[in-house]
Amino acid sequence: MSVIVILLLPIVAALLVCIPWGKRWVPGVTVVSCLGNLILITRLARQVVMGRVPGDLLEPAWSKWIVVDGLSALILLLIALVGTTAAIYSVGYMAHENLTPKKLRLYHANYNLFIFSMLAIPVLAEPTLVWIVVELTTLCSALLVSFDNTREALEAAWKYVVLSLMGAGIALFGFMVLFAASHAGGGSAYTWAGLVTAAPKMPALPVQTAFLLILIGLGTKVGLVPMHTWLPDAHSQAPSPVCALLSGIETTSILYVILRLFPVVQAVPGAHADTWALVLGLISVGTAAFLLLQVKDYKRLFAFSTVEHMGIILTAIGLGASASDYGAMQQIVNHSVTKSFCFFAAGAALLVTGTREIAAVRGLIRRSPIAGAALIFGGLAISGAPPLAIFLSEFAILKAGLTQGQYVATGLLAIFVVVAFFGIMAHVNRMVFGAEPNGAPVQRHAGPHTAEAFRLPFSCRLALFLAAVPVLVLGVYVPKPLRDLMTLAAAAVTR
Amino acid sequence: MNDAAKQLLQNLNALASGLFLLTAFGIVAMRQARACLNLFIVQSLLLAASAALLGWRYGSDHLYGVALVNLISKPVIVPWLLRKTSPAEIYARREIDQVLNIPTALLIALALAVVAYFVGIPLANAVGPEFRGPNVPIGIAVLLIGAFTLTVRREALSLLIGLLVMENGAFLAGISIARDLGMLVELAVATDGLVIVFIMGVLVRAVQKQTGSTAVGALASLKETSAASNADEALP
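Rules used throughout
Residues numbered from 1 in each chain as written. Chains lettered and ligands numbered in written order. Predicted model: local features only at pLDDT ≥ 70, side-chain atom pairs only at ≥ 80, totals over all residues. Helix = DSSP H or I, 4+ residues; strand = E, 2+ residues; numbered from the N terminus. Rg over C-alpha atoms; globule rule 2.2 N^0.38 Å. Contact = placed C-beta atoms within 7 Å. Nonpolar A, V, L, I, M, F, W, Y, C, P; charged D, E, K, R; others polar. Expected span 1.5 Å × (residues − 1). Axes fitted to C-alpha atoms, helices over the stretch in contact; angles between N-to-C directions. Parallel < 35°, antiparallel > 145°, perpendicular 65-115°, else oblique. Left-handed = near helix turned anticlockwise from the far one by under 90°. Core = buried A, V, L, I, M, F, W, Y, C linked by C-beta atoms within 7 Å. Buried ≥ 20, exposed ≤ 12 C-beta atoms within 10 Å, placed from the backbone. pLDDT = per-residue confidence, 0-100.

Focus on the overall build of chain A
Line of reasoning, step 1. From N to C terminus, chain A includes 20 helices and zero strands.
Line of reasoning, step 2. Relative to the 2.2 N^0.38 estimate, which gives 23 Å for 495 residues, the radius of gyration of chain A is 22 Å and therefore close to what a compact globule would have.
Line of reasoning, step 3. Across chain A, every contact between residues at least 6 apart in sequence was considered, and the portion connecting residues at least 24 apart equals 81%.

Digging into the overall build of chain B
Line of reasoning, step 1. Within chain B, the regular secondary structure consists of eight helices and zero strands.
Line of reasoning, step 2. Listing every helix and strand of chain B by position from the N terminus yields α-α-α-α-α-α-α-α.
Line of reasoning, step 3. Its C-alpha atoms give chain B a radius of gyration of 19 Å, near enough to 18 Å, the size a compact globule of 236 residues would have.
Line of reasoning, step 4. C-alpha atoms of chain B, sized along the principal axes, occupy 70 × 35 × 30 Å.

Focus on the interface of chain B and chain A
Line of reasoning, step 1. Taken together, the contact between chain B and chain A spans 44 residues of the former and 46 residues of the latter.
Line of reasoning, step 2. Sorting the residues of the side of chain B that touches chain A by element identifies α5 (102–127), α6 (135–152), α7 (156–177) and α8 (183–211) of chain B as the ones contributing at least two each.
Line of reasoning, step 3. The element best represented in the side of chain B that touches chain A is α8 of chain B, accounting for 14 residues.
Line of reasoning, step 4. The residue inventory of the side of chain B that touches chain A, partitioned by class, reads 32 nonpolar, eight polar and four charged.

Let's talk about helix α2 (residues 25–49) of chain A
Line of reasoning, step 1. Given a rise of 1.5 Å per residue, 25 residues ought to cover 36 Å, and the 36 Å separating the end C-alpha atoms of α2 of chain A matches this to within 8%.
Line of reasoning, step 2. One or two positions beyond α2 of chain A, positive phi appears at G51 of chain A, with a value near 85 degrees.

Let's talk about the packing of helix α9 (residues 204–222) of chain A against helix α12 (residues 273–292) of chain A
Residue and element names in this part refer to chain A.
Line of reasoning, step 1. Here α9 crosses α12 at 25 degrees, and the two axes come no closer than 11 Å. Considered as vectors, α9 and α12 are oriented roughly parallel to each other. The two elements α9 and α12 cross, and the hand of that crossing is right-handed. Residue-level contacts link F211, L212, L215 and G219 of α9 to A273, W276 and L280 of α12.
Line of reasoning, step 2. For the contact of α9 with α12, the per-class residue count stands at six nonpolar, one polar and no charged.

Observations concerning the nonpolar core
Line of reasoning, step 1. Counting residues in hydrophobic clusters, the biggest one holds 281 residues, and the most contacted among them are V145, A157, A345, A348 and A349 of chain A.
Line of reasoning, step 2. Sequence-distant contacts of A345 of chain A, that is, excluding residues within four places in its chain, are made with A371, A374, L375, G378 and L464 of chain A.

Describing the environment of F25 of chain B
Line of reasoning, step 1. Residue position: F25 of chain B is located in helix α1 (residues 3–29).
Line of reasoning, step 2. Excluding residues that lie within four positions of it along the chain, F25 of chain B makes contacts with L106 and A109 of chain B.

Here's the deal with α6 of chain B
Note on helix geometry: an α-helix contains 3.6 residues per turn, so any two residues three or four positions apart are oriented the same way.
Line of reasoning, step 1. Relative to the 26 Å expected for 18 residues at 1.5 Å per residue, α6 of chain B spans 26 Å between its end C-alpha atoms, a close match to the ideal helical length.
Line of reasoning, step 2. When you tally the buried positions in α6 of chain B, you get 15 out of 18 residues, the bulk of the element.

So, unusual backbone geometry
Line of reasoning, step 1. Phi at N149 of chain A is positive, roughly 60 degrees, even though this residue is not glycine.
Line of reasoning, step 2. Overall, N149 of chain A belongs to the partly exposed group, with 14 C-beta atoms counted inside 10 Å.

Focus: the packing of helix α4 (residues 70–95) of chain A against helix α5 (residues 101–123) of chain A
Residue and element names in this part refer to chain A.
Line of reasoning, step 1. Running from N to C, α4 and α5 cross one another at 170 degrees; their axes reach a closest spacing of 9 Å. Here α4 lies roughly antiparallel to α5, going by the angle between them. Along its contact with α4, which presents S72, I75, L76, I79, G83, S90 and M94, the element α5 presents L104, Y107, Y111, I115, M118, L119, P122 and V123.
Line of reasoning, step 2. Its residues assigned to classes, the contact of α4 with α5 shows twelve nonpolar, three polar and no charged.

Digging into the confidence of the model for chain B
Residues and elements named next belong to chain B.
Line of reasoning, step 1. Taken over all residues, the pLDDT of chain B has a mean of 82, while the share at 70 or more is 91%.
Line of reasoning, step 2. Within chain B, no element has a lower average pLDDT than helix α4 (residues 89–92), which sits at 74, and none a higher one than α6, at 91.
Line of reasoning, step 3. Low pLDDT, under 50, characterises residues 226–236; the predicted model gives this stretch 17 contacts beyond four residues in sequence or across chains.
Line of reasoning, step 4. Across the interface, the model reports ipTM at 0.89; the global pTM reads 0.91.

Section: the confidence of the model for chain A
Regions with low pLDDT carry predicted coordinates that are not meant to be interpreted in detail.
Line of reasoning, step 1. For chain A, per-residue confidence averages 88 on the pLDDT scale, and 95% of positions sit at 70 or higher.
Line of reasoning, step 2. Throughout residues 442–451 of chain A the model reports pLDDT below 50, and contacts reaching past four residues in sequence, or to other chains, amount to 20 contacts.

Below, the structure written as structure tokens:
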């Protein structure tokens, strides 16, 4: 029953937080349910790695709807991991927002429902159902984006909703065309596995059309470049723990749906999925790398870096070698853990300084050593500095690209990654170590804490520490079970 | 069913689809938010009619289901939910500062319909010879016109209807080629409109409280050049 329990747990938690039982109850429930899910999902992932199918998935009544393979297990694991650290981070962060108890309950109910909607994406086997769940993620996260209820937050939420739903409409038509194609190819069941089986007999034009419609439609939610305009707004205006969820795992779990299509489209003669992925991916990386140089808001900085990393993953898939597929999986993992850490660090900086403006934050390391150190560590990690996780996966992708003989694409990717590195580091470096003009801290906004000796809440420090561990460890050592899981996941997107 | 009856059903379906496209043009041409909503309801009824006719023609129970769900959700529940969630003011609004004037917008919509024809016909033929009805090209045309409406409008209700029109177009094209998809299409039809209306209604209410206006499309303070300092500016 493990998968069903995993899906039910956040719903139960969302109901439980509605009970007004004191201040500690509400965040406590969220943390416990996320932690419980992390344990259950780790167990599930271990079973998948060892090649055992969980008992309930053997029954045909369930296996028609719910399927867990390596790729699903990997995405589930990331959702649970980031969900847990963000839940811990929320405890202290939301306590500083001076919310009414009702508003706090609303936050946590939405948080749990959002986690549920993301967990449902990788386990559902039927594409139309997945589409409905993707729609649900928009529904559950929109109110989290607009949570601060300021003019900017509402604008960001509005753009997010309109563009996501627009994309959903296009993707819906794509899924219907895909069904028609699989029907024409004699496919019996409209599931991910059934599509792969029917693929060789499917007509090329509808499959290609469906792929493009879904790539554009869901690519909007992933933040691929021509459709990315909402992302920096929504990912910067939401409360920081929510930003970690949006940037760290929501984009990834939507990208998962696109990745599922690759084995199908590649099996159809005459449909070119790789080229589209490569082109769209490189455009995303390039645009984001240059936009990074001129941001004024440090949460937007990390949001643009999400666009960049989504582009890198798509490019890696587009390179089309099994080594680059593995690199893409590694990049998915590393991006999730690193980006969530970055937003925790950005949230800490926001708590300390009370402003999101890069120009207004100077010498952060002197005002709050923890926030300053976290921010510089996050900046180094996300831009791909050597001993840390992202360096390893970016290096793997570039190496795979060169071995594959894709010199132009790999060269461009390398240039963009370097540009992004300098863009991020220039901003972060100035914020953390820069001299304060006239010796006094610039204070444009009346921040919640102007005192010099501001201490971050314990739970924020704990979450920063917990989130930093995988960033450090995965840079030097990838445990064997995780390596096996990523290999399985890479196999799921390879033809 | 004899051939004459089949032919009649197909012709009726073509009529419903044609009127469906016409309502999309009407929505592009209307400034009054209320009129857009009424046209959208007519359009949803036509979608239901097309689904029912195709269901009859091909003997598919699921298409009857789609028709039924459409009849309940869009003309009844959508306006009801809209009244529940969003401020009454949105009905009374007019588009004042459209990006394009109406004749230009109509011309572009016409161009989109032509494009959709040239995209839709080969697509329908590639899926199978029996899909040569008007549904696929018209559905794509309405999908594109809906997306186009979204880019030129500023008022909350017009934007919302633009989205719903896009979904209607996707369904009109989808039900003709994916009529065996089964119960999930009904489920998608049912959830989709409600999700859109609910979440956008709630947001519009919050925006109206915050800024005193429902011209949500006019919100444009989040840009690279002017970062967080915007928060200090007085509301207009």
